[in-house]
Every structure is written in C-alpha cells, then in structure tokens.
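Per-entry structural report
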Amino acid sequence: MIEFIGTTKKYRGTTAVDGVSANIAENGIYCLLGRNGAGKTTLMKLLAGHIMATDGEIKVDGKKVSAAVMPESVHYIESGSVQFKMRVGDLIDMAADLQEGFDSAFALEMAERFELNLAKKYAKLSFGMKTMLTTIITLSNNSRVILLDEPTLGFDAVMRSQFNSLLLKSYEENPRIIIVSTHLIDEIAKVAERLIVIDKGKILLQASLDDIEENAYTLSGTAEKVLPLLKNLNCIGRETAGAIIAAHIYDDRIEAPEGVEIGNLSLQDFFVNIVGGNKHE
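Attention here is on the structure that accompanies the text. All residue numbers here refer to positions counted from 1 along the written sequence of the relevant chain. Where totals are concerned, whole chains, interfaces and linings use all residues; where local detail is concerned, this predicted model gives features only for residues with pLDDT of at least 70, and gives and counts side-chain atom pairs only at 80 or more. Side-chain numbers come from the whole structure's heavy atoms, not from hydrogens or water.

**Describing the environment of Ser-140**
For clarity, the threshold we go by: Going along the chain from the N terminus, every DSSP run of H or I of four or more residues is numbered as a helix, and every run of E of two or more is numbered as a strand. Relative accessibility thresholds used throughout: buried, under 20% of the residue-type maximum; exposed, over 50%; partly exposed, between the two (1.4 Å probe, protein chains only). Residues are treated as being in contact if the distance between any of their heavy atoms lies within 4.5 Å.
Summarising the element assignment, Ser-140 is placed in the loop between helix H4 (127-139) and strand E7 (145-149). Classification of Ser-140 as buried rests on a relative accessible area of 2%. When the C-alpha atoms of Ser-140 and Ser-66 are compared, they prove to be 25 Å apart, with 74 residues separating the residues in sequence. Ignoring sequence-local partners within four residues, the contact set of Ser-140 consists of Gly-101, Phe-102, Asp-103, Phe-106 and Ala-107.

**Comments concerning the sheet that holds strand E3 (residues 28-33)**
Counted only if it meets this: Only when DSSP finds a minimum of two bridges between them are two strands counted as paired. Here an axis means a line fitted to C-alpha atoms, over the contact stretch when the element is a helix, while the angle between two N-to-C directions is reported on a 0 to 180 degree scale.
Read across the sheet, six strands follow the order E6-E7-E8-E3-E9-E10 without closing on themselves; strand pairing throughout is mixed. Sheet topology places strand E6 (74-76) and strand E10 (202-208) at the edges, where each strand pairs with a single neighbour. Geometrically, the sheet is characterised by an average inter-axis angle of 20 degrees between neighbouring strands, direction not taken into account. Relative to E10, strand E9 (residues 194-199) runs antiparallel, the two being bridged by six bridges. Bridge pairing links Val-197 to Leu-205 in E10.

That is the geometry; function is a separate question.
And the structure:
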C-alpha cells in the first residue's frame, strides 16, 4: 500500500531522508523510532505530500504522492502546527463538517474519557491536552493511513497510558495503518506491532516486535569464550568490563556454551545498539 522508492529529501545541503526504500502493506500499529533529528518528521511529511522529495518517489495505493496530488487516504497533522481560538466542542464539530466519514461519536467519547471540557477554548488547554485533542481528532478520521508525529510530547505517565488506550480503541474499531513516530520506545512498545528504525535519514530496520524479542539477546563471558561465537552472528554492539565481554546480538538464538551466559536484550538497549550508541571495544 505504501512504497518508498529511493526517497531522498535535502534541505540546503543537509540530507534529512537518505535514499529510503521500504514497503508498508499490512494494517497494524507501526512505531517509527529514531533519535531527535533522525528524519522521522520529514518522512511523515513526505508521505502526506506536505513536502516534495528531492529524489525518488512515494506511492500510496499505486499512486505517486506529490504536493500537487496529496494522498486522500493519508491523514497527518503536524504537532503544534495549528492554534485555534475555538472551543473544544466546536473544533470537533468543524472536523466532522470538513472530513467525510469523521467518527463524531468516537471523538466525543474519547474527549469525555480524557476529561476534555468541550466548552473550553483550545488556546486555554495545556500543551499535553492540546496534543491529546489533536490526536483524538486525527484518529476519528476515517483515512486508511494515520500519521501521529511525537504524539506523547508533554504527556505525563498517566496521559501516556491514556494515549495507549486511545490508540488501541481506535485500531480495534477501525483497523488500518497507524504510524506513530517517537524516540520513546518503552511506552509505544506496549501497543505497537512492528518497529521501523530510522537513523541519519536511513531506514536501518523493519521488524515485528515479536521477532526482536526472540532474536535480540546478549552473550556474556570472557573474550576467549565469546569472541569466537561472534564470527557467525550479527553482533550489533559490545561492551567490556575488564576481562568480561557483553556482546549484543540480533540473530537466531544459539545454545550458549559452558562459560557463556545468554540474556535478553531490552528493547531500549536494542535500539541504542542498532543506531550505534554502544559499540565500546
């Protein structure tokens, strides 16, 4: 359904998205994970047709995306891009008038659940509640592709949990492709099914979270025991403490020989190693 074909975006000599080729075909909640400045927002803007690629192309349902032909099936609102003087209830009504198939019942139900005062003006909401309202309106849209850019910025732990509930409720009622960009992996991992890792404008990995849980692990032991094992494994990083090596692996699991311990690699540590943040020799 979604195709990135050698997609590149440059800004005054800086490459924000670098030759990305990727396909997203199945419904699901996808986590677009990357550090700040990795290219997440640029990739979303390209997919939504808000900006033009410098090179390559993007297709949605076989149709090329451009600023002149923005895909109707993709819905994206940039975080913090709009300011309204209207009341919360009026904003929901306006969205319903402008968007065919808008689910007003879902929007009002979610507004009540998250204690959004319909009579309060948007400008008077906290940053977190503004983001929550924008997210509710976005998820109430009937588009087949929903893009949420850093939707939990400004959320406390309770609001992040509420966001996860909102996301799951929306997907259960209307299965589709939902892509959530973030640099906070632990929270979104509770609801996302697949992970897309972007770093320095390049897609480093597309995988299911189940696959990562199964194939991401650590081998610990002396260099004499551990190093020979790495010749046939995909080692994504390693750490040393004296004579002990901890090698982080993303590959089929092996039977650890005597003297070597095998342990699970957390999703956060997996991400850090994938983007090159933990390659200490």
